[in-house]
Amino acid sequence: MTNKVIDSTNSENSPLSSSREWSQTGLRQLLMYAAVGCVAGAIIALQIGIMRIFSEGSWAHFGSLVVSLAMLGFGLTSAVMCLARNWFERHWFGVIAGSLAAFAPLIVGANLAAQQLPFNPIFLVSDALQKWRLVANFAFYLLPFLAGSLFLGTVFLRAQKVFSRVYFADLLGSGLCGLLTLGSLFLFRPDNLVLVPVVLAGIGGILWFVGLGSRKWAIVIGLISIAAGAIHIHLPGAAKISKLSVSDYKGVSYARKFPDSKQQYEGISPFGHLEVYSSSYLHFAPGLSDNASLNLEEMPANAYLGLYVDGDGPIGIMRELSDKDTAYFHYLPMIYPYLITTKPKTFVVQFGGGISTMVALHSSSNVTVGEANPAFLKAFRESAVLKNFTNDILNRVSVIPYDGRLFLANTSERYDVIDLSLADSAGLSNPGGFAIVEKYSYTQEAMQHYMHALSDAGILSVTLWNKEEPPKSVLKLFATMAAAARANGDKDISQNFFVASSYLSTVTVLYKRSGFTAGELTKLREYTSAMSFDEIYSPGIKVDLAKADHVFKDFHDSIFSADISKPGSQIESTDQEPVAEGSTSEISTQTGAEVGTNEPAVDGTALTVPASLLSQIAWQALIHDDWQGFSKRYLFDVRPLTNNHPYFAAYVFPKDLPKITDRLELFQDEWGYLLLWATLAIACAAGLILISIPVIFGWRTAFSRYPGKSQTILYFACLGFGYITVEVGLIAQFIQALSNATVSASVLITGMLVFSGIGSFVSDKYAHSARATLPKIFVGIGALLISYSLMLNPILNAIGGLPYAVRLICCFALIAPPAFLMGFPMATGMGILTRLKKESMFLWAWGVNGCFSVIGAALVPIIATSFGLAAVIAIAGAAYLIAIPAFFGVLKPINYKINSIT
Amino acid sequence: MKYVLKKFTFALTLVSAFVPVLASAAVPKAYTYDMVPPMDNKEAFVEWMATNRGEDKKFLSQRWDRYQALIQRNDLTNEQTKRAFLMTPREEFVRKISLTHSYDDAFLDIGFGVTISGPHAVSRMTSVLDIQKTDKVLEIGTGSGYQSSILGHITDKVWTIEIIKPLAERTRGVYDGIIAKGYTEYKNVNTKQADGYYGWEEAAPFDKIIVTCGIDHIPPALLKQLKTGGMMIIPVGPPGAQHVLKITKEANPDGTIKIARSDIYNGRVVPFVPFTKLEGDAIVGSHNK
């Protein structure tokens, strides 16, 4: 160490006089601020990296769980530092040097170790070992977060006098490095993504020691980081260990095992890791009628490529087929709208892998497609293989290179057919559950836009997987479409819908603005019957509602009852016919011609499966505007999707959660949601312990003489909770305008943190008048957030119609006011603790803030799925208002009198 | 491509380490389709099987306990399937690492992203198929070989196809091993590695077809190879949380063909995933609260 370095052994105990390293000026000081920014940025980069690694290797929601809990490392660090503050004061240099030296190796080591111990989510319930593997993953990934938080905690401890500036550097670094990391996704595959935090940690360490004047330490940190990076790059190959273990149960793992499989395309970007495989073993025909086996000569061979995004899939890419081979289109449910239209002008809301576009091309005069994921468009435009295979499909249609929903909301064009088929959805047998994802293409508002964009005789066709038993998502779709029709002014919607499904396959809802004609209904019914599909709703359909009680009870019992049903036995408790065989159709085997019956599926003799009967009952409720009555009787939450509540998820009512703990496998598709509750429970328990430890163990030395402890907890809890709630909530909402979750996350992370950093920096000027100014700031934040919760939806929808660059500017403009103000309270509060010499509370407050950030992050999707996204922002606003009275507790000076008496 | 094959070879070498070690004793008594173990007494069953089949009494005891649970839960509903369950050594088809869980009420990992279904699932699907001695049965998705071995105890006409080559080879090895040991009934299980999507045309038509792998539609070729009057069973959904689709192909009096979808309990809503477990001799869990 050179003599320019602050000698930690000579430092005094008081933090106010010991932070001489922060008394430097000029470039060196700047380098140290930059170092804080880089390390904070490395932590953000590591979070994003781990999320991506889990997305690729297993499933993203497990990554959320691990990252959220690993962030409790901040709480743990603050608790330890709070208890041993003096020790950290004395050994600050060693702690900082050690944490910086260990940071990069821990990132690499933890990741490689975790990859050698992959856990298998689908056995999480049945195999106790898997839970321990998940715990081990968490423990490994916690380690680098501990190193990072130890550095930041020690820096904060030493920089109390200039906290607002250091905090500014922390936020600014996090924001910019978050953006940098998302940009780096264009360069790094998920298996190499940990190199980004390694580089940032290395740069941070070098800058820190250069700032301090220690060239030797700067070189050491640089060499350690380079070594860590080299180990990540070379060790797995040399030792034949995995850099990123991909679960055998991911779709891409199967594709890779097919004997003739070949990777035809690979693209990396923030929009996902795209891979396309060819194999004769790939077969797609979503919703194909069983009757294809009777009338179709043969299915076209080698007709598909499998597209995988982050290892999930496949999404089918269809080869341009000969006229003979396209005969099988007739047996796909996507053909429905084309049965009653002639060469329509068609809009496909989401291109995806292009199957419904291919069907549309063969039946339409003109096809326009929307696709919000630029990586998909890039693949189809740039890959020679894909272009050849699909006969350059994108060149044969008009492409809207963003969300079809936003285009239709803002266009004066009118279409004869608007198709939304199986968008954003996984197939029938995908394991691992689904994360809570906003589905703005399926909301009531989106459906209203689609309906508006139809020509006078236009048809909206929506096809969804019908894969749940008891039904869940299809009921939400039904309710959403009916609500949209009513919101568009159709008082009587009985003539506007036709719905057909295939049991445990797909469901298709057709909406016609002007109502279906008798001739059209005949065609649709004949086709439905000839395909062995179930007729769920058509104008005039007869449904025996007397069976409703039985169906509701049976579905409820299938999940919640203690009884087990007996195979083949008659159904008890009702006088109804047993609800038995699936609806059928008759096909002439002699001629191959279709001889469908026009009889409705349910007529007392032709019985249908309960799921189909339930759907029929659901439509009767919708036609008679009694969805509330239906919902009250059903076991799951089937409220329609709206822009405020855009989720095909969280079907289990929170009150029922305790009842399902012994049957979690029945809810595999809900694991993403259930994991949030688990995260919340663990975060609350861990947070409580971490917050309590310093109070309990520091009671005699410090806390007993600190007045306003509970208000201080409340203050920093509100800040931690409020901030993360706004950030996560707005990421979800801004997708509405920005069409893409990755872009929305980039804009929000960068915008929020940078503007808050500026706020933090500016807050310094008002530090001495905080008692008067901060309550006003809080009122401003609360008012802004509550007004955002009320008005954001229509504003974002309007922004969605603007050119993309303008959209981005508008979004940043929306973020700036609250984010700027939200930068004030944390820095001001910490500054006050410093000025009042509540040193023990300083780090503790930082930990409280961190713990409630984790709790808030887990709570946001739970609030959003239960009460809506507007409620999320409003609750965050309320949290900032609650912080006003708590703030006056933070301002209470230490009562030395009490201390001296005790 | 070469890399993929190398990976397979490597994986195969690794996985083969987990294939259960075959018991050393040969099967004392040759198999016949009319041999029936005692089905109403645990001790008698264990003794009979140990004497006639030379199997480990520890596993036989576990098999009997699971058998009782399956009967109580109505997963086993006909005599031929009950007998097949009791006669099939499930422990031979699980990986060594999972051997102690052979008779747990759970699906187990067998590598390659494939599971061996739980005893409840196999029993229920086989019961529903109601296979007769004369039936020709096709299985798509051989996997561990356990399902086809159950089938092999009911009929001597079983065909099974596995798409994953190293798994197909491994399971063929398991079969060859136990056939060599004396389980001659498994000689009637015909295996091949191929894409099950196209069925087994040379052996068609089939009375019953059981598909045990996920797909977004029913392969038309399989429906074609199903006899009129036949039945097909397909579980739909992720491993461990599947709903079982039953497809029947019947002739109407006028010669037309009727294809119907329902679930395996003729439309009844039933929870497919077990909630119960056996503790000692008692079944505990939500079903008998």
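Below or above, wherever it landed, is the structure these notes cover. (Residues numbered from 1 in each chain as written. Chains lettered and ligands numbered in written order. Predicted model: local features only at pLDDT ≥ 70, side-chain atom pairs only at ≥ 80, totals over all residues. Heavy atoms only, no water.)

**Some words on the overall build of chain B**
Broken down by element type, chain B carries eight helices and eleven strands. Scored against the burial criterion, the 289 residues of chain B give a buried share of 62%. The long-range share in chain B, meaning contacts at least 24 apart out of those at least 6 apart in sequence, stands at 56%. Counting only carbon and sulfur atoms, one obtains 55% of the accessible surface of chain B, whose full area is about 10400 Å². (Helix = DSSP H or I, 4+ residues; strand = E, 2+ residues; numbered from the N terminus. Buried < 20%, exposed > 50% of the residue type's maximum accessible area, 1.4 Å probe, protein only. Contact = heavy atoms within 4.5 Å. Areas by Shrake-Rupley, 256 points an atom, 1.4 Å probe, with all protein chains shown as cover.)

**Quick word on the overall build of chain A**
Across its full length, chain A holds 31 helices and 13 strands. In terms of overall size, chain A behaves like a compact globule, its C-alpha atoms giving a radius of gyration of 30 Å where 902 residues would be expected to give roughly 29 Å. Counting only C-alpha atoms and orienting by the principal axes, one finds that chain A spans roughly 100 × 55 × 55 Å. In chain A, buried positions account for 64% of the 902 residues. Of the contacts made within chain A by residues no fewer than 6 positions apart, 77% connect residues no fewer than 24 positions apart. Carbon and sulfur atoms provide 61% of the accessible area of chain A, an area that totals close to 31000 Å². Seen as two clouds, the 62 positive and the 63 negative side-chain charges of chain A have centres 17 Å apart. (Rg over C-alpha atoms; globule rule 2.2 N^0.38 Å. Lys, Arg positive; Asp, Glu negative; His and termini not counted. Charge placed at Lys NZ, Arg CZ, Asp CG, Glu CD.)

**With respect to helix α19 (residues 473-487) of chain A**
Residues and elements named next belong to chain A. Its 15 residues give α19 an end-to-end C-alpha distance of 21 Å, which sits within 8% of 21 Å, the value for a rise of 1.5 Å per residue. Counting buried positions along α19 gives twelve out of 15 residues, so the element sits mostly inside the fold. Looking only at α19, the buried set comprises S473, V474, L475, K476, L477, F478, A479, T480, M481, A482, A484 and A485. Summarising the contacts, the buried residues of α19 are in contact with α18 (444-452), β9 (454-466), β10 (497-501), β11 (505-512), α22 (610-623) and α23 (627-633). (Expected span 1.5 Å × (residues − 1).)

**Concerning the nonpolar core**
Within the largest apolar cluster, 330 residues are counted, with the highest numbers of intra-cluster contacts made by W208, Y328, W619 and F630 of chain A. Setting aside residues no more than four positions away along its own chain, F630 of chain A makes contact with L475, F552, L614, I617, A618, A621 and V638 of chain A. The next biggest cluster of nonpolar side chains, apart from the first, holds 52 residues, and it includes L70, L76, L108 and L151 of chain B. (Core = buried A, V, L, I, M, F, W, Y, C linked by side-chain atoms within 4.5 Å.)

**Notes on a nonpolar patch on the surface**
Residue and element names in this part refer to chain A. A contiguous nonpolar surface patch, about 500 Å² in accessible area, is contributed by V779, I786, L790, M791, I795 and L881. Per-element accounting of the nonpolar patch gives the leading share, five residues, to helix α27 (residues 770-799). Locating M791 in the fold gives a position in helix α27. (Patch = residues over 30% accessible without salt bridge, like charges linked within 9 Å, V, L, I, M, F, W, Y side chains within 5 Å. Salt bridge = Lys/Arg side-chain N within 4 Å of Asp/Glu carboxyl O.)

**Let's talk about unusual backbone geometry**
In the segment running from E469 of chain A into P470 of chain A, the intervening peptide bond is cis, with an omega of 5°. Within the element layout of this structure, P470 of chain A appears in the loop between β9 and α19. Cis rather than trans, the peptide bond between A204 of chain B and P205 of chain B has omega equal to 5°. By the secondary structure assignment, P205 of chain B is in the loop between β5 (189-193) and β6 (206-211). Positive phi values are uncommon outside glycine, yet D625 of chain A reaches one of about 55°. For D625 of chain A, the position within the fold is in the loop between α22 and α23. A relative accessible area of 55% places D625 of chain A in the exposed class.

**Looking at the pattern of salt bridges**
Residue and element names in this part refer to chain B. Overall, the coordinates contain 41 salt bridges over all chains when judged by the stated rule. Here K82 makes a salt bridge to E79, at a shortest N to O gap of 3.3 Å. Residue K82 and its partner E79 are both found in helix α4 (residues 79-87); the two are separated by three residues, about one turn of the helix. For the salt bridge of K165 with E169, the shortest nitrogen-to-oxygen distance reads 3.2 Å. Note that K165 and E169 are positioned in helix α7 (residues 165-181) at a spacing of four residues, about one turn of the helix.

**Comments concerning the environment of A360 of chain A**
You can see A360 of chain A is positioned in helix α14 (residues 355-363). A residue is classified by how much of its surface remains accessible, and A360 of chain A, at 0% relative accessible area, is buried.

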